[in-house]
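Chain by chain, the residues:
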Amino acid sequence: MTPEPSADAPAHAIETVFRIESPRIIAGVARIVRDVGIAEELAQDALVAALEQWPREGVPGNPGAWLMATAKHRAIDLVRRRERYARKLVEMGRDLETSAPHGHIDEPADPDDIDDDLLRLVFTACHPVLSAEARIALTLRLLGGLTTVEIARAYLVPEATVAQRIVRAKRTLAAKAVAFEVPYGPEREARLGSVLEVIYLIFNEGYAATAGDDLLRPALCEDALRLARVLAELMPKEPEVHGLAALLEIQASRSAARTGPSGEPVLLKDQQRSRWNRLLIRRGFAALARAEAVSTGGGPGPYVLQAAIAACHAHAYSYEETDWARIATLYGLLAVRTPSPVVELNRAVAVSMAEGPEAGLAIVEALVAEPALRGYYLLPSVRGDLLVRLGRVEEARGEFERAASLTRNERERGLLLGRAEECG
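None of these values were measured; they are calculated from a predicted model.

(A) Spotlight on the side chain of Arg 419. Mapped onto the elements of the fold, Arg 419 is located in helix α20 (residues 410-423). Polar side-chain contacts of Arg 419 include one of 3.1 Å to the side chain of Asp 385. Ignoring any residue separated from it by four or fewer positions in sequence, one finds Arg 419 in contact with Leu 267, Asp 385 and Phe 400.

Okay, structure coming up:
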């Protein structure tokens, strides 16, 4: 016998549709009310209306368009009720006045218009006026469709902390009168950097968790990858956007090989490359080609350079076949483009593989006194690895133990302590 559907099935289906459509709904409504906080509330109102009406009247032919129209109608009603928006309502024109009635939406609004709104939402949620933590939380909430509980769980912080960040972010955007628009010229370039940084940070937290019991948080990687793909569709002429998409596609391709049966980390040299996802690698190569095709001169940007480095690893069928000389060159270019002690540490690893551990250690030794790396566990970890290759195992043991004391991730700590024991 076929089991009867659960009473919660309609509600679950509605919530699934809403989670998929909510970024576009919030973006479309925010264009009307010019406030992302209010836009999110109105989108939630549309969800409540769907939960009330769809189980009784049936799911409409185009549920996403129904939700969009319902939220927009409520936005128009709100604007009408506020005298200070009266002039804006007139300027909006008849297109909003003649929107299709509730429950009779068969076709969505102009897709290009939706995309424009979504792009505005991306730039608003990632506005530099907000702290990095606030931008991440707001982006995951508005564009990733994550709940406050899910964001808190992903970043191992209290739910109240995440809720406060989101509320304060919305208030800050309203208080600073941040325009709901895509900037142009120099401001656009500066703001785009903030957008890309937020997506990159979200992915990195999923790819190598800062703290906790797990090395990977796949859901965060998936959210960041989806955001990067959406941004690449919305901004097809921006090489750095395609560069970021390429980088994340290729990095994500290694996920299955990065942990062992018990969740323990597997180093790059020990990974089974047959487990790398070739589809994601091909997508990454295609995105990198698009980045190079739309480049207008001035040399590749930091995300294109990082994607090119990732592509070198993906092209190699084994660790030994990796073109370390090219990777070292690319890191050198990246160090010039975006000087950073972390980039220099990565360059040291590549140089050690291309020219020998002595050359790499010389670069690392110059970084030991760098204040930015004082609590960075990968500095002693890399130094320990180079010392092992030079036969200085007792020194290496101390470095691995120090690295283990600095990391907050239990999986990384276990790996580093294991390497220290091997030196004993």
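What follows picks up the thread again.
(B) Representation of the packing of aromatic side chains in the model. For the structure shown, the criterion picks out five aromatic pairs. On the numbers, 5.5 Å between centres and 75 degrees between planes, the contact of Tyr 200 with Tyr 303 is edge-to-face. Linking Tyr 200 in helix α10 (residues 185-207) with Tyr 303 in helix α14 (residues 302-315), this pair joins segments that are 103 residues apart in sequence. The aromatic ring of Trp 276 is capped on one face by Arg 254, whose charged end is 5.6 Å from the ring centroid. The ring of Tyr 207 carries Arg 258 above its face, with NZ or CZ at 3.8 Å from the centroid.

(C) Spotlight on the packing of α10 against helix α12 (residues 239-252). Two elements in contact, α10 and α12, have axes separated by 11 Å at closest approach and are oriented at 5 degrees. Taken as axis vectors, α10 and α12 run roughly parallel relative to one another. Contact residues: α10 offers Leu 192, Leu 196, Ile 199, Tyr 200, Phe 203 and Tyr 207, while α12 offers Glu 240, Val 241, Leu 244, Leu 247, Leu 248, Gln 251 and Ala 252. For the contact of α10 with α12, the residue count by class is 11 nonpolar, one polar and one charged.

(D) Representation of the nonpolar core within the structure. With 91 residues, the main nonpolar core has Val 33, Ile 199, Ile 202, Leu 231 and Leu 248 as its most contacted residues. With 10 residues, helix α2 (residues 36-57) is the single largest residue contributor to this core. Here Leu 248 is in contact with Ile 199, Tyr 200, Phe 203, Ala 224, Leu 225 and Ala 228, once residues within four sequence places are set aside.

(E) Fine view of unusual backbone geometry. The phi dihedral of Arg 34 falls on the positive side, at around 60 degrees, and the residue is not glycine. Although it is not a glycine, Ala 177 adopts a positive phi angle of roughly 50 degrees. Ala 177 gets classed as exposed once you look at its relative accessible area, which sits at 61%.

(F) Broad picture of the pattern of salt bridges. Applying the stated rule across the entire model yields 19 salt bridges. Across the pair Arg 191 and Glu 187 runs a salt bridge whose closest N-O atoms are separated by 3.2 Å. Of this pair, Arg 191 and Glu 187 both sit in helix α10, four residues apart, which is roughly one turn of the helix. For Glu 187, a relative accessible area of 43% translates into the label partly exposed.

(G) Fine view of the packing of α12 against α14. Across the interface, α12 lies against α14 with an axial gap of 8 Å and an inter-helix angle of 30 degrees. It follows that α12 is roughly parallel to α14 by the angle criterion. Our pair here, α12 against α14, has a crossing hand that is left-handed. Residues Pro 239, Glu 240, Gly 243, Leu 244, Ala 246, Leu 247, Ile 250 and Gln 251 of α12 touch α14, and the partners they reach there are Pro 302, Tyr 303, Val 304, Gln 306, Ala 307, Ala 310, Ala 311 and Ala 314. Among the residues making up the contact of α12 with α14, the classes are represented as 12 nonpolar, three polar and one charged.

So, how was this worked out
Residue positions are given per chain, counting from 1 as you read along its sequence in written order. In view of the model being predicted, local features appear only for residues whose pLDDT reaches at least 70, and side-chain atom pairs are presented and counted only at 80 or more, with totals across whole chains, interfaces and linings using the full set of residues. Hydrogens and waters are ignored; side-chain quantities use all the structure's heavy atoms. Under the DSSP-based scheme used, a helix requires at least four consecutive residues in state H or I and a strand at least two consecutive residues in state E, with every element numbered from the N terminus. Under this definition, polar contacts are N or O atom pairs within 3.5 Å; protein pairs additionally need one hydrogen-donor-capable and one acceptor-capable atom, and for neighbouring residues in sequence, both atoms have to be side-chain atoms. Residue contacts follow a heavy-atom distance rule, with two residues in contact if any of their heavy atoms lie within 4.5 Å. Pairing of aromatic rings covers Phe, Tyr and Trp, the last counted by its six-membered ring, and requires centre-to-centre distances within 6.5 Å; plane angles under 30 degrees mean stacked, over 60 mean edge-to-face, and any other angle means tilted. Geometrically, a charge over a ring is one whose NZ (Lys) or CZ (Arg) sits within 6 Å of the ring centre while staying within 35 degrees of the ring normal. For helices, the axis comes from a line fit to the C-alpha atoms of the stretch in contact; other axes are also lines fit to C-alpha atoms, and the angle between any two N-to-C directions lies between 0 and 180 degrees. Just so you know how the angles are binned, under 35 degrees is roughly parallel, over 145 roughly antiparallel, 65 to 115 roughly perpendicular, and the rest oblique. Only Asp, Glu, Lys and Arg are considered charged, only Ala, Val, Leu, Ile, Met, Phe, Trp, Tyr, Cys and Pro nonpolar, and every remaining residue, Gly among them, polar. What is meant by a nonpolar core is a set of buried Ala, Val, Leu, Ile, Met, Phe, Trp, Tyr and Cys residues, joined one to another through side-chain atoms within 4.5 Å. Think of it in three bands: with a 1.4 Å probe and only protein chains considered, a residue is buried below 20% of the maximum accessible area for its type, exposed above 50%, and partly exposed in between. For this document, the term salt bridge refers to a Lys or Arg side-chain nitrogen within 4 Å of an Asp or Glu carboxyl oxygen. In this scheme the crossing of two helices becomes right-handed for a clockwise turn of the near helix relative to the far one and left-handed for an anticlockwise turn of less than a right angle.

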